[in-house]
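What follows is each chain in one-letter form.
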Amino acid sequence: MPKSDVLVGILVATITVILHNLALAVFVGVIISALVFAWDNAKRIRARKSIAENGDKIYEIYGPLFFGSTSNFLDKFDISEDPDRVIIDFKESRVVDMSAIEVLKKLTQKYQDQNKKIILRHLSPDCVSVIG
């Protein structure tokens, strides 16, 4: 059993015994479990890097991109060392929230500042319209 599950169970039991309020204890347990889940998923974002025949660098992203994984996502890129054209493929990933959209805007701006072209593949149409 994961340590986080044990901790949540003990926390729920403790709150129930001390405050005599099972509803509050369950609510706190759900919140803590959601935060632990988000933290664990933040570590799961991965990027497979390859070079296409024409010299383009391709980043294939795996795992959800959301508020918890944005800093790990940005660490995957080496903007100064990348070629003039970079492709980021989201076929095996999903952009979940607005903080992920903001990180994509920030990343594309960094590449544009270096006069490099960035192509975002397999993004949903709503993500493309928001990134603009």
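Refer to the structure above for everything that follows.
Now for a look at the structure at hand. (Residues numbered from 1 in each chain as written. Predicted model: local features only at pLDDT ≥ 70, side-chain atom pairs only at ≥ 80, totals over all residues. Heavy atoms only, no water.)

1. Focus: a nonpolar patch on the surface
Argument step 1. On the surface, a cluster of nonpolar side chains totalling about 700 Å² of accessible area is made up of Val17, Ile18, Leu19, Leu24, Phe27, Ile31 and Leu35.
Argument step 2. Among the elements of the structure, helix H1 (3-19) and helix H2 (22-42) are those that each provide at least two residues to the nonpolar patch.
Argument step 3. Examining the composition of the nonpolar patch, we find that four residues originate from one element, H2, more than from any other.
Argument step 4. Residue position: Phe27 is located in helix H2.
Argument step 5. We classify Phe27 as exposed; its relative accessible area is 54%. (Patch = residues over 30% accessible without salt bridge, like charges linked within 9 Å, V, L, I, M, F, W, Y side chains within 5 Å. Areas by Shrake-Rupley, 256 points an atom, 1.4 Å probe, with all protein chains shown as cover. Salt bridge = Lys/Arg side-chain N within 4 Å of Asp/Glu carboxyl O. Helix = DSSP H or I, 4+ residues; strand = E, 2+ residues; numbered from the N terminus. Buried < 20%, exposed > 50% of the residue type's maximum accessible area, 1.4 Å probe, protein only.)

2. Describing the sheet that holds strand S1 (residues 46-51)
Argument step 1. As summarised here, the arrangement of the four strands in space is S1-S2-S3-S4, forming an open sheet in which the pairing is mixed. At either margin of the open sheet sits one strand with a lone partner, and together these are S1 and strand S4 (117-121). Strand-to-strand twist across the sheet, computed as the mean angle between neighbouring axes with direction ignored, equals 20°.
Argument step 2. Looking at chain direction, strand S2 (residues 57-65) and strand S3 (residues 85-95) are connected through eight bridges and run parallel. Bridging from a neighbouring strand, Tyr62 pairs with Glu92 of S3.
Argument step 3. Across the face of the sheet, helix H4 (residues 98-113) comes into contact with S2, S3 and S4 while running at roughly 170° to S3. (Pairing = 2+ DSSP bridges. Axes fitted to C-alpha atoms, helices over the stretch in contact; angles between N-to-C directions. Contact = heavy atoms within 4.5 Å.)

3. Observations regarding the pairing of S2
Argument step 1. Counting buried residues in S2 gives seven out of nine residues, a clear majority hidden from the surface.
Argument step 2. Across six bridges, S1 lies against S2 in antiparallel orientation. Paired with Arg46 across the bridge in S2 is Tyr62.

4. Quick look at the environment of Asn21
Argument step 1. Locating Asn21 in the fold gives a position in the loop between H1 and H2.
Argument step 2. Among the residues examined, Asn21 registers a relative accessible area of 31% and is labelled partly exposed.
Argument step 3. Discounting chain neighbours no more than four positions away, the residues touching Asn21 are Ile15 and Thr16.
Argument step 4. In terms of polar contacts, Asn21 uses its side chain to reach the backbone amide nitrogen of Leu24, at 3.1 Å. (Polar contact = N/O pair within 3.5 Å; in protein donor to acceptor, adjacent residues only side chain to side chain.)

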